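Observations on chain architecture
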Amino acid sequence: MKQTNKNLKAPEWDLKSIYPSLKSKEYKDALRDYEKGMDEIDLLFNSANTISEKSKDNFDFPMWLSMYISCADKTGALEESLAAYAYIIYSVNTVNKEYLDNLSRMEELQLRSKKQELIFRSVLKKNMRRLPEFYRRYPEFSDYEFFINEELDELSHQMSDDEENLASDLQRTGGDAWARLHEQLISNLKDKETGKTFNELRSDAYSPEAKTRKDSYKKELFLLEQNRIAFAAALNNLKGETVCLNKRRSWKNAVDRSLYSARMSKKTLSSLIGVIEESLPMWRRYMRFKAEILYNSGAASAGKQKGLSFFDMFAPIPVPSGCSAVDSVFDRLWTFEDARTYIIKEFNSFSKDMGGFAEKAFENNWIDASVRSGKVGGAYCQDFPAQKESRVLSNFTGSFSDVITLVHELGHAYHHSCITENPYLLSSYPMTLAETASTFAETIVKQDVASSAKGADKIRLLEFDLQDSCQILVDILSRYYFEQSVFEKRASEELTADDFCALMRDAQERSYGEGLNENRHEYMWAVKTHYYSTSLDFYNFPYAFGQLFALGLYARYKKEGPDFAKTYRLLLSDTGKMSCEDLCKKAGFDITEKDFWRSGISIYEKEFKELENLFVSKKQQL
């Protein structure tokens, strides 16, 4: 009998140590301290202007900058924590008006800090020549050089102060509002026949029952199609806003802005994308191989063409007969307590520091894992720098895949615990390096399972890793192609639901090719919330970066042994202080060259070959 989510005892998170409630003294005090901090920053700006107007020679810029940094560190941490709290309480109850109003209020408050960023850059530019004196007089701020140089670089992609302030104000009722519309629609979709939420229908993609997978896929498409006009309007207008602002901010195209945010060079991206494209023939063979296994065993119905159906991509492959599944990580229905015990054990196998962190997160109820209506889908990790804590959201249904999702998000949370050793202004790291930390955590678990797996479990583990990596590389490539084409087309015309579907079909053909049969998913543009982000375009290639860089780090761990755990923690703590290229060079890798990325792909080529060989030796048992 299938257990319900209630049987799994998936918890809701405890936010008392963040803020007990919107009406609590702690929350009100934090808001007061935040506004007081912004007042102090405004006073610093006023003093800088007043003294400079009277006599530039009397303005002690180095001392002023040291005071600004100290205040900005404290105020910035408070702002991020307050904004994070506003979002996470809304994300588990998207129809709660009080939470929605509070989220809007927080966004309005943040407009002030955005204005202050503009003023700070202006003061910085006027006093650039005195920066060497600042570093000499205040050596304790030497680590801030990277942050300061980034602020100066921002000036070349900044409109006038008035235009920037207006853009920030209008974005609340523009791009951000369209993104929220998408989120609210998705989180509240429900199938009338079964009562399943949209997220539950998506989870059925992992079901061993072919009919369940296909039926839920059809219901998912039906729900998306019913809302296609609203989804298309949201994406069209949001991307239109981005095209307009990018042009005014002197970004040649959207990917340039994303690379800047990722602290990554075009050469690195070109090498990464190029190597993924080189690997496509192998991934397509893998998908056709999986399709053949499923269809020949009766675990799926064949399409008109060879290749995998989209709704079968996450299907578990058949287990050879005579092989006990009692201890299989795949066949068991995991309770949340099972997942907790397992994850802590696996993290401890890498380092007691990482294991102790996971135990703390579980013990203090940092995870909201239950599936319920009104809650956003997927999973995320949200950091609270003022409290030096994190919270994780997931939708736990008891599959091994859900366990890996928890591992992934706790990898993010561990990263944050390492970076809190730094001042707030040096704790901002790009998505590329964020995804490295989460994927490295996954790699620890997957490799440990692989080391002891035998027979059917070995086959399924290899397939599970290939399935997951195919998504992170091939599907991510399709998302990259799709977003490229959307920006190119949106620069000259309005886009409809038909346009988005056509662009998605083309992107899937370019990436998946003959690996998929005619059963594809032209509405994936309506599913992925990443397309609706106003703060970060191309919310895709950083996943591929993190996947392959994590493999490089894991290889180094296997070579160096337990001592690497300290190196890894130090590496994570430095992710807010340098570019991707410099950080990777520190780890001993040159990521601008294709050979580095090929080394990661070669691991999957070996796994696929091993899977083929193992399955051939077992297929007589099926």
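Before any of the text, the structure's been laid out above.
Basis of the calculations
- Residues numbered from 1 in each chain as written.
- Predicted model: local features only at pLDDT ≥ 70, side-chain atom pairs only at ≥ 80, totals over all residues.
- Heavy atoms only, no water.
- Helix = DSSP H or I, 4+ residues; strand = E, 2+ residues; numbered from the N terminus.
- Rg over C-alpha atoms; globule rule 2.2 N^0.38 Å.
- Buried < 20%, exposed > 50% of the residue type's maximum accessible area, 1.4 Å probe, protein only.
- Contact = heavy atoms within 4.5 Å.
- Lys, Arg positive; Asp, Glu negative; His and termini not counted.
- Charge placed at Lys NZ, Arg CZ, Asp CG, Glu CD.
- Phe/Tyr/Trp six-rings, centres within 6.5 Å; stacked < 30°, edge-to-face > 60°.
- Lys NZ or Arg CZ within 6 Å of the ring centre and 35° of its normal.
- Salt bridge = Lys/Arg side-chain N within 4 Å of Asp/Glu carboxyl O.
- Pairing = 2+ DSSP bridges.
- Axes fitted to C-alpha atoms, helices over the stretch in contact; angles between N-to-C directions.
- Parallel < 35°, antiparallel > 145°, perpendicular 65-115°, else oblique.
- Nonpolar A, V, L, I, M, F, W, Y, C, P; charged D, E, K, R; others polar.
- Polar contact = N/O pair within 3.5 Å; in protein donor to acceptor, adjacent residues only side chain to side chain.
- Core = buried A, V, L, I, M, F, W, Y, C linked by side-chain atoms within 4.5 Å.
- Expected span 1.5 Å × (residues − 1).
- Disulfide = S-S within 2.5 Å.

1. Quick notes on the overall build of the protein
Within the protein, the secondary structure is distributed over 24 helices and 3 strands. Computed over its C-alpha atoms, the radius of gyration of the protein comes to 25 Å, within 12% of the 25 Å expected for a compact globule of 622 residues. Judged by the C-alpha coordinates and their principal axes, the protein covers about 90 × 55 × 50 Å. Classification of the 622 residues of the protein by burial places 59% in the buried group. The contacts in the protein between residues at least 6 apart in sequence include a share of 79% that link residues at least 24 apart. Across the protein, the 85 positively charged side chains and the 95 negatively charged ones have centroids separated by 2 Å.

2. Concerning the packing of aromatic side chains
Applying the stated criterion to the full structure yields 56 aromatic pairs. When the centroid spacing of 6.4 Å and the interplanar angle of 70° are considered together, the rings of Tyr342 and Phe400 count as edge-to-face. Residue Tyr342 is found in helix H14 (residues 336–350), and its partner Phe400 is found in helix H16 (residues 400–419); the two are separated by 58 residues along the sequence. You'll find Tyr342 and Phe400 in the same group, each marked buried. Taken together, the ring pairs connect Phe45, Phe59, Phe61, Trp64, Tyr68, Phe120 and Phe147 into an aromatic cluster. Above the face of the Trp334 ring, Arg332 is positioned so that its terminal group lies 4.0 Å from the ring centre.

3. Overview of the environment of Ala254
Here Ala254 lies in helix H12 (residues 254–262). Measuring from C-alpha to C-alpha, the distance between Ala254 and Phe487 comes to 7.2 Å, with 233 residues separating the pair along the chain. Every residue in contact with Ala254, bar those within four places of it in the chain, is listed here: Asn246, Phe487, Asp537 and Phe538.

4. Observations regarding the pattern of salt bridges
It is possible for side chains bearing opposite charge to pair when their charged atoms get close. In total, this model carries 61 salt bridges according to the counting rule given. The salt bridge involving Lys345 is made with Glu346; its shortest N-O contact spans 2.8 Å. Overlapping salt bridges, with partners in common, bring together Glu12, Asp368, Arg372 and Lys375 in one network.

5. Describing the sheet that holds strand S1 (residues 367–368)
Pairing is mixed across the open sheet formed by 3 strands, whose spatial order is S1-S3-S2. Looking at strand neighbours, the two that pair on one side only are S1 and strand S2 (380–384), the edges of this open sheet. Relative to strand S3 (residues 389–393), S1 runs parallel, the two sharing 2 bridges. Paired with Ile367 across the two strands is Val392, which belongs to S3. Across the sheet, helix H3 (residues 61–91) touches S2 and S3, and the angle it forms with S2 is around 145°.

6. Here we look at the packing of helix H4 (residues 97–126) against helix H6 (residues 145–154)
One can describe the packing of H4 onto H6 by two numbers: an axis separation of 9 Å at closest approach and a directional angle of 100°. Relative to H6, H4 is oriented roughly perpendicular. Between H4 and H6, the residues in contact are Phe120, Arg121, Leu124 and Lys125 and Phe147, Ile148, Glu151, Leu152 and Glu154, respectively. Taken together, the residues of the contact of H4 with H6 break down into 5 nonpolar, no polar and 4 charged.

7. Here we look at the side chain of Arg213
Looking at the element boundaries, Arg213 is found in helix H10 (residues 210–226). Of the polar contacts made by the side chain of Arg213, one reaches the backbone oxygen of Pro208; its length is 3.4 Å.

8. What about the pairing of S2?
Burial runs high along S2: 5 of the 5 residues are buried. Side chains Tyr380, Gln382 and Phe384 of S2 all project onto a buried face; the interleaved residues Cys381 and Asp383 project onto the opposite face, where all are buried too. Here S2 runs beside S3; their pairing, made up of 5 bridges, is antiparallel. Paired with Tyr380 across the strands is Leu393, a residue of S3. Remark: 4 residues form the turn of the hairpin made by S2 and S3, two consecutive strands paired antiparallel; Lys388 in that turn has positive phi of roughly 55°.

9. Some remarks on the nonpolar core
Phe396, Phe400, Phe482, Trp525, Tyr532 and Phe545 are the most contacted members of the largest nonpolar core, which totals 150 residues. With 16 residues, the top contributor of residues to this core is helix H18 (residues 455–490). Excluding anything up to four places from it in sequence, Phe545 contacts Met264, Thr268, Leu272, Thr432, Leu433, Thr436, Cys580, Cys584, Ile591 and Trp597.

10. Quick notes on H16
Helix length check: H16, at 20 residues, gives a terminal C-alpha distance of 29 Å against a target of 28 Å (1.5 Å per residue), a fit within 8%. Among the 20 residues that make up H16, 19 are buried, leaving the element largely enclosed by the rest of the structure.

11. Structural notes on the pairing of S3
Within S3, 5 of the 5 residues are buried, leaving the element largely enclosed by the surrounding structure. Taking every second residue as pointing to the same face, both faces of S3 are buried, with Glu389, Arg391 and Leu393 on one and Ser390 and Val392 on the other.

12. A word on the state of the cysteines
Scanning the entire structure with this criterion turns up 0 disulfides. In this structure Cys584 is a free cysteine whose sulfur lies 6.0 Å from that of Cys580, the closest cysteine sulfur available.

13. Details of the side chain of Glu164
Topologically, Glu164 is positioned in helix H7 (residues 161–173). Within polar-contact distance, the side chain of Glu164 engages the backbone nitrogen of Met159 at 2.9 Å.

Limitation: the analysis is restricted to geometry and does not speak to function.
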